[in-house]
Amino acid sequence: MGLAMPMAFLEQAGYRPFTLELPVEGWDAGRVRHARFAGISVPMHTALRLGVRAAERIRRENPRCHICFYGIYALLNAEYLLEHVADTVIGGEYEEPLLRLVQSMHQGKEDAIQGVGRRGEIPVPYLRRLSFPVPVRSTLPALRHYARLESSEAKLLTGYVEATRGCKHLCLHCPIPPVYHGRFFAVPQEVVLEDIRRLAEAGARHITFGDPDFLNGPTHSLRIVRTMRERFPHLTFDFTAKVEHLLKYRSLLREFAGLGCIFIVSAVESLSDTVLANLEKGHTRADVYEALRVVRSAGIVLRPSLLAFTPWTTLDDYIEMLEFVESEGLTECIDLIQYAVRLLIPPGSALLSRSAIHPYLGALAPETLSYSWRHPDARMDALHERVTVLVGQSVAEGAEDYLTFLRIKELTLSVRDDRPAARVAQAPQAFSRKAPRLTEPWFC
């Protein structure tokens, strides 16, 4: 979407840009060498790391090319980017400023453009409501090159759309609040539905709604999936929503299920009320259990995402989380990488405004584009490293999720008891065996 929507704005204005989907396609040195402008989409931290390397290569191969980073992490990391690899950065609703920047360059001007940050300036997010065209994917790789829906039956081509952008919530660890400041914008219903039609025509059998929270505008979202069901009854879908929204709008969940929703991703993060309070998540441990109950009772699979390692997460908290996953039959509903996710603190993070993080905070590390931090219990930092290695090896080897989960549990209990890991042999819960998922797990 970080390419498809800007492409629509640019093509509508008469431009014919080319795209490089870096995780999917090879580098096109010939085209890069002749480009006057390179826009690099950085909606997530991993994209930022890839984008910085790409920008460095562009600088070597085409020093005169104007490099613009756009997206959430462009604004959070504006100072570093503008000092090292970028000419401009744009955050928020970036398509309109991006188009104006290209038009200005085409006309040989260097006028100040609202929402476009340059070296020596303090960039601000562009938060105006846009007139959205339908995303253009004609230059992007075919759907078969992207993540698919995986279930017990098949791996189905999947399309990605957005019904809303931004978020009205202010969770401290999330990268969105420092950019959107509690605002969100709805993409017009017919734009979303036409995007879905084109994806279905391209072979998509499942749609993943990439909104930060699909229930920020529940009426808007419900109208879209009702019409989607009428026009494309063969499509299933998934979405992401906060725990508190799953509880607030529990009466809608059965209808979502009937319209084709097969799973919901929710940022559970932790079962520790201390951790949840320090993150200002807006839910409690008790809410997690209730959300799991109401989603399951609607016939939908809940796929929790976790923030497994924070400065406030104790070893007992981590063990309790593993016991929760196992006892609730969630081992096939949680991607393995979730057990190794460590709190990321980018520049501009709202967490930096809270004193609770300061005792653990280290320096800003340029190589990771984030602040380092150290756990007060050295065992937790060591456990994180070992779990990360274990998960990486298991994914590379194609090991079963449940067996890897058991190895993580063995490792964690051995750290608690200060002894070598012993085998923990239990049967996986039947409920979790056929849980649908996307073939490429991702996280912020």
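Quick summary incoming for the structure in this document.

**Describing the environment of H84**
Right, on to step 1. Relative to the helices and strands, H84 is located in helix α5 (residues 78-84).
Right, on to step 2. Relative accessible area serves as the criterion here: at 48%, H84 is assigned to the partly exposed category.
Right, on to step 3. Separated by 181 residues in the primary sequence, H84 and V265 place their C-alpha atoms 36 Å from one another.
Right, on to step 4. Of note is the side chain of H84, whose polar atom sits 2.9 Å from the backbone oxygen of Y80.

**Here's the deal with helix α15 (residues 378-397)**
Right, on to step 1. With 20 residues, α15 should cover 28 Å at 1.5 Å per step; its first-to-last C-alpha distance of 29 Å lies within 8% of that length.
Right, on to step 2. Where α15 is concerned, the buried positions are M380, D381, L383, H384, V387, L390, V391 and S394.
Right, on to step 3. Structurally, α15 contributes buried residues whose contacts are with α14 (315-327), β14 (370-373) and α16 (401-417).
Right, on to step 4. Note on α15: the residue one or two positions beyond its end, G398, has a positive phi of about 70°.

**Focus on the pattern of salt bridges**
Right, on to step 1. Across all of its chains, the model carries 25 salt bridges by this definition.
Right, on to step 2. A salt bridge links R226 to E255, with the shortest nitrogen-to-oxygen separation between them at 2.6 Å. With a gap of 29 residues between them, R226 in helix α9 (residues 218-231) and E255 in helix α11 (residues 253-258) connect regions that are remote in the sequence.
Right, on to step 3. Relative accessible area serves as the criterion here: at 36%, R226 is assigned to the partly exposed category.
Right, on to step 4. A relative accessible area of 30% means that E255 is categorised as partly exposed.

**Considering the nonpolar core**
Right, on to step 1. The biggest cluster of nonpolar side chains holds 83 residues, and the ones touching the most others in it are I196, F209, F256, Y318 and Y339.
Right, on to step 2. Look past the residues within four positions of Y318 in its chain and what remains in contact with it is A308, F309, T313, Y339, M380, L383, V387, I408 and T412.
Right, on to step 3. One finds I72, V89, L127 and L369 within the second-largest nonpolar core, a separate group that totals 30 residues.

**Let's talk about the packing of aromatic side chains**
Right, on to step 1. Applying the stated rule across the entire model yields 14 aromatic pairs.
Right, on to step 2. Each ring, one from F209 and one from F214, has its centre 4.5 Å from the other, and the planes form 40°; the classification is tilted. Both residues of the pair, F209 and F214, count as buried.
Right, on to step 3. For the pair W312 and Y360, a centre-to-centre distance of 6.4 Å together with 85° between the ring planes defines the contact as edge-to-face. Taken together, the positions of W312 in the loop between β12 (301-306) and α14 and Y360 in the loop between α14 and β13 (361-365) put the pair 48 residues apart, joining distant regions of the chain.
Right, on to step 4. Among the aromatic residues, ring-to-ring pairing joins F209, F214, F237, F239 and F256 into one connected group.
Right, on to step 5. Lying across the ring of Y94, R165 places its NZ or CZ 5.7 Å from the centre.
Right, on to step 6. Lying across the ring of W373, R342 places its NZ or CZ 3.5 Å from the centre.

Quick notes on the rules
Residues numbered from 1 in each chain as written. Predicted model: local features only at pLDDT ≥ 70, side-chain atom pairs only at ≥ 80, totals over all residues. Heavy atoms only, no water. Helix = DSSP H or I, 4+ residues; strand = E, 2+ residues; numbered from the N terminus. Buried < 20%, exposed > 50% of the residue type's maximum accessible area, 1.4 Å probe, protein only. Polar contact = N/O pair within 3.5 Å; in protein donor to acceptor, adjacent residues only side chain to side chain. Expected span 1.5 Å × (residues − 1). Contact = heavy atoms within 4.5 Å. Salt bridge = Lys/Arg side-chain N within 4 Å of Asp/Glu carboxyl O. Core = buried A, V, L, I, M, F, W, Y, C linked by side-chain atoms within 4.5 Å. Phe/Tyr/Trp six-rings, centres within 6.5 Å; stacked < 30°, edge-to-face > 60°. Lys NZ or Arg CZ within 6 Å of the ring centre and 35° of its normal.

All quantities given are derived from atomic positions and should not be read as evidence of function.
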